[in-house]
Amino acid sequence: MSTDRKRPGRRPGSADTRGEILAAARKVFAEKGFDKATVRGIAREAKVDPALVHHYFETKEGMFAAAMRLPFSPENIVRVLVEGPREEVGERLVRMILQVTASPETREPMLALIRSAMTNEQAVTMVREFFTNALLYQVADRMEVPYLRIEAAFAQMFGAVMVRYVIRLEPLASAGHEELVEVLAPTIQRYFTG
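Treat the numbers as computed from the prediction; the structure is a model and nothing was measured. (Residues numbered from 1 in each chain as written. Predicted model: local features only at pLDDT ≥ 70, side-chain atom pairs only at ≥ 80, totals over all residues. Heavy atoms only, no water.)

Brief notes about the overall build of the chain
Okay, so step 1: Across its full length, the chain holds ten helices and zero strands.
Okay, so step 2: The N-to-C order of helical and strand elements in the chain reads α-α-α-α-α-α-α-α-α-α.
Okay, so step 3: Considered along the principal axes of its C-alpha atoms, the chain spans approximately 70 × 35 × 25 Å.
Okay, so step 4: Sequence-distant contacts, at least 24 apart, represent 65% of the contacts inside the chain between residues at least 6 apart.
Okay, so step 5: Summed over all atoms, the accessible surface of the chain reaches about 11,200 Å², with 54% contributed by carbon and sulfur.
Okay, so step 6: The positive charge centre, built from 27 side chains, and the negative charge centre, built from 25, are 7 Å apart in the chain. (Helix = DSSP H or I, 4+ residues; strand = E, 2+ residues; numbered from the N terminus. Contact = heavy atoms within 4.5 Å. Areas by Shrake-Rupley, 256 points an atom, 1.4 Å probe, with all protein chains shown as cover. Lys, Arg positive; Asp, Glu negative; His and termini not counted. Charge placed at Lys NZ, Arg CZ, Asp CG, Glu CD.)

Examining the side chain of T101
Okay, so step 1: Tracing the backbone through its elements, the reader meets T101 in the loop between α6 (89–100) and α7 (104–119).
Okay, so step 2: According to the relative accessible area criterion, T101 is buried, its value standing at 2%.
Okay, so step 3: Aside from chain neighbours lying at most four places away, what touches T101 is T106, R107, M110, V161 and Y165. (Buried < 20%, exposed > 50% of the residue type's maximum accessible area, 1.4 Å probe, protein only.)

Brief notes about the pattern of salt bridges
Side-chain pairs of opposite charge can arise whenever the charged atoms involved come near each other.
Okay, so step 1: One pass over the full model with this rule turns up four salt bridges.
Okay, so step 2: Measuring nitrogen to oxygen at the nearest pair gives 2.9 Å for the salt bridge that ties E91 to R95. Here R95 and E91 lie together in helix α6, a separation of four residues that amounts to about one turn.
Okay, so step 3: The class for R95 is partly exposed, based on a relative accessible area of 32%.
Okay, so step 4: Ionic pairing is found between R107 and E108, a salt bridge with its closest N-O pair at 3.9 Å.
Okay, so step 5: For R107, a relative accessible area of 12% corresponds to the buried category.
Okay, so step 6: Judged by relative accessible area, which is 37%, E108 ranks as partly exposed.
Okay, so step 7: Where salt bridges share partners, they join E91, R95 and E178 into one cluster. (Salt bridge = Lys/Arg side-chain N within 4 Å of Asp/Glu carboxyl O.)

Some points on unusual backbone geometry
Okay, so step 1: Of note, the bond from E170 into P171 is cis; its omega dihedral lies within 30 degrees of zero at 10°.
Okay, so step 2: Counting through the fold element by element, P171 comes out in the loop between α9 (147–167) and α10 (177–193).
Okay, so step 3: Here E144, not a glycine, exhibits a phi torsion of approximately 55°, which is positive.
Okay, so step 4: Along the chain, E144 falls in the loop between α8 (121–143) and α9.
Okay, so step 5: Accessibility expressed as a relative area gives 71% for E144, which makes it exposed.
Okay, so step 6: Here R168, not a glycine, exhibits a phi torsion of approximately 55°, which is positive.
Okay, so step 7: Within the secondary structure, R168 is located in the loop between α9 and α10.

Right, dumping it as structure tokens:
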């Protein structure tokens, strides 16, 4: 019986296994899109055991967020939106988006991903699959809101972020958070409560 059998897990000689898994994840997500990418496929690309991928990243959604350098965890966003009074979900969503996009360090990775999606078919597929399956439909299903309504709320906030930070249309670009919450939250709330 051979004792040279390889054990699964971390391979010898690599100091940055997490970074190599993220690089593999970026490649696999770009090639296959969010839906068709698998933890096993990413592990195979990184030449590690799938259990090690799960050690560093609990979920595929969390791995995607880390690989794309997104400043949020999909699980946290879903939790923030579905927990708490339903009549305040519009305000929670607006506040959360404004907070995530407030500083350049958290805003720039999101804008880079959005810009890529606007010019690259693979990127748009990946972004669409991620936002719909990991975020929007999770919230819609848990709150029992039709997909059309949740997508309309997302579109409204997506447009506000684009106008505020890409087009920089005034006075929206320099408006304070409280002023934007007051203007946007009631409209977003209607998508959730009819």
